[in-house]
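# Coordinate analysis (summary)
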Amino acid sequence: MRKRAEIEAEFAPTDALNACRSFYMVGIGGAGMSALARMLQHRKFGVAGSDVVASLEVERLRNEEIEVHVGHSATALREFLGSHQECALIVTDAVDLNKSPEIAEARKKGLPVVRRSQALGWLLRPYKVIAVTGTHGKTTTTGLLGAGLIAAGLDPLVVVGAAILDWEGPIREGNGEYAVVEACEAYEAYADINPHIVLLTNLEPDHLDYHGTYENLRDSMVRFVSKIPPSGGLVYCADDRGASEIAELTDVKCLAYGLSEAWLQQTFNKFGFGMNASESDAGKLLKLNLPGDHNRMNATGALAAASLLNDEDSVVELDAVEMGIARFGGAERRLQVLLEGPITVIDDYAHHPSEIVASIQGVRQRYPGRRLVVVYQPHMYSRTLEHISDFPPALNTADFVVLTDIYPAREAPIPGVSSARIAEGITKPMRYVPSRHLLPRQVKQILKPGDVVVGMGAGTISEFAPDLIREIERDVNPTKKVVVIYGGDSSEREVSILSGNAIAKALNNAGFDAELIDVTECLLRKGNVIDFTGSIRPDVAFLAVHGTHAEDGAIQGFLELMHVPYTGSGIYASAVAMDKNRTKQLLSAVGIRCPKGQFIKTESEPISILAPAIVKPNREGSTVGLTFAETHDQISEGIRMALQYPGGCLVEEWVKGMEISVPVLCGEALPPVEICPAKGSYDFANKYTPGATEEIVPARLPEHLLAEAQRVALLAHETLGCEGATRTDMIVRGEEIFVLEVNTLPGMTATSLLPNSARAAGMSFEQLCTRIVEDALNRHATTS
């Protein structure tokens, strides 16, 4: 924000621009700054600039051969100065003077540094300026008046604070004597303009972060209006108390307009239309493309201002002005309809309570009887604080309200100021979505055919409506996009690559749009997660990773943060199942038999388990770091090896018997698989080497033990809170079944147990992969 003392002390005088032939603009991507850049270019000045982010407006400027650097740096300014002389620096009021490297460089080189409003005022000196100002309606009214004067043949220069759809930009160059200019009261930017006519739409308390009080704002407006020469005049809305007060406090010539009974006939008689006061229905005043009584008021003001141009030397054809006003197509983000259809999507700039009410009323006039969903982002902490009690009544005029967090602009947070406070006063159905990035998908979930949804606010909410349309269009393509996440950084990376390749091939064959992504490469090398965001995100992530940072909840946490559905268990179940010691405790508590064991953290701990024993890392894959110890010395060596992995190790009694594994798929236990290594024990090599282990499905066990193994596997799955597919490894000794561990992301290679069990149950690999994907989509249907 700008402070009065800063404006008075930190900027060069406007006359310093007289000697300049080139300009570098900091914050060039804003609507006001981009308009100024085009004006300078049109007048053959050298122009370049920078902005903090790439945007549609930045792209437009580049297409018009204006150089724009994304990101702020002194280097770009130095390069510009290398080919341009007599340069000045123009800064938007959103830029912090003490943090800008361009400003520091400009001062170092002795360049004049000016505000955007100073440069605009300097360029406007040759014109008779019609300045449109007020708390609300400036942009649209400026566009309406400009369109009317163009239609009447006056060929004005028009400078607006947003892109005008008919002109494809915020500026319309003209060769006439008049300039129609939006003049902002925030930080007294209008003080740098010398107006011939001022059109004052209204005045309410706003921008009090700068003005302090309404009285200060009012006095500032009086000073601006008092600059009008005798040949000009003030055109003001008599239906607005604030505008009327300004008219009373100034000595300049005034012309009132309005839509109320008191002013309607007088206003239109002055225009020469002779309308009777009995015809005061606002809908009969002007036939506009724009909806809402507030726009009819704006149009009336524009017509009134045009009538003031009639004098002894010139006559303005008001019929032509009216025609131009009626045809005006509107401004960007001013009730701009971006999508018409069963669901209508509108983008709107309203950010003050009065503007919210006016916009909602306008939408209801255009779309009577349809449910209106307003998605609102408050603008600035200070403004939210000023109007904290006024926002709920304004928003309650909608049918459904969605709130997101405050757009801070250039402000630091104010303790106690939050969108949550507005939410407390909403009596209509509502939803609070703190992250605006989640608005499109969450709003789409609540929409019904026939709804009209309006993204509303002055900040980054401008991204919402286009993003919502892209979100809606996702449903047009019936092919589900699946990202198969494979690789990773665990000791089972190579196994994961095999699983990922097999899964991706199967899913593509099954009709999905499957793509492989190595998440470790994505995060550690490329540092880009764009493929997981917005409307280009996958419908689901198929987890084909194993081991640490995969089965322990880490990758699940990443996908939860990205709000992308995924296969397998959630964070908690994954983390618990990966901790073998904790798993044994939980399973034992529900009556599941587990081998006796001891959790070891250091090599120096005494060992209570006697040989023969199994030693394994506590938080690794089922066969990683595994030792089959026949002697006490082998136990010690196994502990040493296992402790090379983080998380401690387990020393368990070596229960000898038939080794089986029982998959659970979507709440259903599959046939148990008997594991028979050709030689030795079922270690990493025998597990993953083709032909090294015979897998017999179903296991050669009596029916009652097969059923019991399935019951135990399903109980273990449910006890740990697992979802999707799991695999529970067991040893069967006589009539006893011992659970060794539960794997939440079973392998999916050619030698893996889950696919083999599914095949025995009559399910092909493609069908298995498809079922896992569909299960994840169903489970995450309300959260994706």
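A few points on the structure. (Residues numbered from 1 in each chain as written. Predicted model: local features only at pLDDT ≥ 70, side-chain atom pairs only at ≥ 80, totals over all residues. Heavy atoms only, no water.)

## Regarding the nonpolar core
Applied cut-off: Throughout this description, the term nonpolar core refers to a set of buried Ala, Val, Leu, Ile, Met, Phe, Trp, Tyr and Cys residues connected via side-chain atoms within 4.5 Å. Any residue under 20% of the maximum accessible area for its type is buried, any over 50% is exposed, and the rest in between are partly exposed; the area is computed with a 1.4 Å probe on protein chains only. Working rule for contacts: check all heavy atoms of both residues, and any pair within 4.5 Å makes them a contact.
Core analysis: the largest hydrophobic core is formed by 55 residues, its most contacted members being F23, M25, L40, I90, L124 and L234. For L40, the contacting residues outside a window of four places in its chain are F23, M25, F45, V47, I90 and L123.

## A few points about helix α10 (residues 241–249)
Residue pairs spaced three or four apart in an α-helix point in one direction, given the helix's 3.6 residues per turn. The following threshold applies: A run of DSSP states H or I qualifies as a helix once it reaches four residues; a run of E qualifies as a strand once it reaches two. Both are numbered from the N-terminal end. Nitrogen and oxygen atoms within 3.5 Å of one another constitute a polar contact, given that in protein one can donate a hydrogen and the other can accept it, and given that sequence-neighbouring residues count only through two side-chain atoms.
Looking at α10, one finds that the buried residues are G242, A243, S244, I246 and A247. For α10, the secondary structure elements touched by its buried residues are β10 (197–200), α9 (214–225), β11 (233–237) and β12 (254–257). Where α10 begins, the side chain of D240 points an oxygen toward the backbone nitrogen of G242, at a separation of 3.1 Å.

## A few points about the sheet that holds strand β14 (residues 344–348)
For clarity, the threshold we go by: When DSSP finds two or more bridges between a pair of strands, those strands are recorded as paired. Fitted lines through C-alpha atoms serve as axes, helices being fitted only where they are in contact, and the angles separating the N-to-C directions of these axes extend from 0 to 180 degrees.
Here we have six strands laid out as an open sheet, ordered β13-β14-β18-β15-β16-β17, and mixed in their pairing. Edge positions in the open sheet fall to β13 (336–339) and β17 (430–432), since each of these has one partner strand only. Strand-to-strand twist of the sheet, defined as the mean angle between neighbouring strand axes without regard to direction, takes the value 20°. Here β13 pairs with β14 via three bridges, running antiparallel. Residue V337 lies in a different strand from β14, and its bridge partner there is I346. Strands β15 (372–376), β16 (400–403), β17 and β18 (452–456) of the sheet are contacted by helix α18 (residues 439–446), whose axis makes an angle of about 165° with β16. Seen against the sheet, helix α19 (residues 464–473) touches β13, β14, β15 and β18 and runs at an angle of roughly 160° to β14.

## So, helix α5 (residues 101–108)
What counts, and what does not: Note that the arc is computed from the directions linking the helix axis to the C-beta atoms.
The set of residues buried in α5 consists of E102, I103, E105 and A106. When α5 is viewed along its axis, its buried side chains cluster within an angular range of 165° and face the same direction. Looking at the packing, one finds that the buried side of α5 touches β1 (22–26), β2 (46–51), α4 (74–83), β4 (87–91) and β5 (113–115). A positive backbone phi angle near 75° is found at G110, which sits one or two residues after α5.

## Regarding the pairing of strand β8 (residues 169–172)
In the sheet, strand β7 (residues 157–164) pairs with β8 via three bridges, with the strands oriented antiparallel. Following the sheet pairing, I164 is matched in β8 by G169. Between β7 and β8, which pair antiparallel in sequence order, lie four residues; one of them, E168, sits at a positive phi of approximately 55°.

## Concerning the state of the cysteines
For clarity, the cut-off: Criterion for a disulfide: a pair of cysteine sulfur atoms at a distance within 2.5 Å.
Scanning all chains against the criterion turns up zero disulfides. Between C254, a free cysteine, and C237, which holds the nearest cysteine sulfur, the sulfur-to-sulfur gap is 13 Å. Its relative accessible area of 34% is what places C254 among the partly exposed residues. Of all cysteine sulfurs in the structure, the one in C769 sits closest to C666, which takes part in no disulfide; the separation is 12 Å. Residue C666 is classed as partly exposed on the basis of its relative accessible area of 27%.

## Side note on the pairing of strand β6 (residues 128–133)
The buried fraction of β6 is high, at five of six residues. As judged from the four bridges shared by β6 and β10, these two strands associate in the parallel manner. Each residue of the ladder has a partner; that of I130, found in β10, is I197.

## A closer look at the sheet that holds β11
Pairing is mixed across the open sheet formed by seven strands, whose spatial order is β8-β7-β9-β6-β10-β11-β12. This sheet does not close on itself; its edge strands, each paired only once, are β8 and β12. Between one strand and the next, the sheet's axes are offset by a mean angle of 15°, whatever the strand orientation. α10 rests against β10, β11 and β12 of the sheet, and its axis sits at about 150° to β11.

## Some details on the packing of aromatic side chains
Put simply, the rule is: Stacked, edge-to-face and tilted labels apply to pairs of Phe, Tyr and Trp rings (six-membered ring for Trp) whose centres lie within 6.5 Å, assigned for plane angles under 30 degrees, over 60, and everything in between, in that order. Counting as a charge over the ring demands two things of the Lys NZ or Arg CZ atom: a distance within 6 Å of the ring centre and an angle within 35 degrees of the ring normal.
In the structure shown here, the tally under the stated rule is 10 aromatic pairs. Where Y24 meets F80, the ring centres are 5.6 Å apart and the plane angle is 55°; that geometry is what we call tilted. Of the two residues, Y24 sits in strand β1 while F80 sits in helix α4, which places them 56 residues apart along the sequence. An angle of 80° between the planes, with centres 5.4 Å apart, marks the rings of F532 and F558 as edge-to-face. Within this pair, whereas F532 is found in the loop between α21 (519–526) and β21 (540–543), its partner F558 is found in helix α22 (residues 554–562), the two being separated by 26 residues in sequence. Residue F558 is classed as buried on the basis of its relative accessible area, which comes to 15%. Among the aromatic residues, those joined into a cluster by ring pairs are F23, F45 and W122. When the ring centre of F738 is taken as reference, the NZ or CZ atom of R593 above it lies at 5.7 Å. Over the ring of W654 we find K656, and its NZ or CZ is 4.4 Å from the ring centre.

## With respect to the environment of V624
Along the chain, the position of V624 falls in the loop between β23 (613–617) and β24 (627–629). Expressed as a C-alpha distance, the spacing of V624 and G547, which sit 77 residues apart in the sequence, is 8.8 Å.

## Examining the packing of α9 against α10
Put simply, the rule reads: Throughout this description, any angle smaller than 35 degrees is read as roughly parallel, any larger than 145 degrees as roughly antiparallel, any in the 65 to 115 degree range as roughly perpendicular, and the remainder as oblique. Helix crossings fall into two classes, left-handed where the near helix is turned counterclockwise from the far one by less than a right angle and right-handed where it is turned clockwise. Just so you know the grouping, Ala, Val, Leu, Ile, Met, Phe, Trp, Tyr, Cys and Pro go in nonpolar, Asp, Glu, Lys and Arg go in charged, and all remaining residues, Gly too, go in polar.
At a minimum axis distance of 10 Å, the contact between α9 and α10 shows a crossing angle of 55°. Put simply, α9 runs oblique to α10. Considering only the axes of α9 and α10, their crossing is right-handed. For the pair formed by α9 and α10, the contact residues are Y214, R218, M221, V222 and V225 on the first element and G242, E245, I246 and L249 on the second. For the contact of α9 with α10, the class distribution of residues is six nonpolar, one polar and two charged.

## Re empty space enclosed by the protein
Rolled over the atoms, a probe sized like a water molecule indicates the empty space that remains. We count it as follows: Think of a 1 Å grid over the protein atoms and nothing else: a 1.4 Å probe that fits but is trapped marks a cavity, an open set flanked by protein within 12 Å on at least five of seven lines marks a pocket, and residues with an atom within 4 Å of a point count as lining. Grid points are joined across faces, edges and corners, and a volume is the space filled by probe spheres set on the points.
According to the stated counting rule, one finds four cavities of 30 Å³ or more in the structure shown. If you trace the second largest cavity, you find 13 residues lining it, with F542, L543, L745, P746 and I772 closest to the centre. Partitioning the lining of the second largest cavity into residue classes produces nine nonpolar, four polar and no charged.

## Structural notes on unusual backbone geometry
A cis geometry characterises the amide bond from A611 onward to P612, with omega recorded as 0°. Here P612 lies in the loop between β22 (597–600) and β23. For the bond running from V697 to P698, omega is -5°, close enough to zero to count as cis. Within the fold, P698 resides in the loop between β29 (693–696) and α27 (703–719). At H207, a position not held by glycine, the phi torsion is positive, near 55°. Within the secondary structure, H207 is located in the loop between β10 and α8 (208–211). The exposure class assigned to H207 is buried, which follows from its relative accessible area of 14%. Its identity is not glycine, yet H563 carries a phi of approximately 60°, on the positive side. Tracing the chain through its elements places H563 in the loop between α22 and α23 (571–578). Since its relative accessible area comes to 29%, H563 is described here as partly exposed.

Keep in mind these numbers describe shape, not what the thing actually does.
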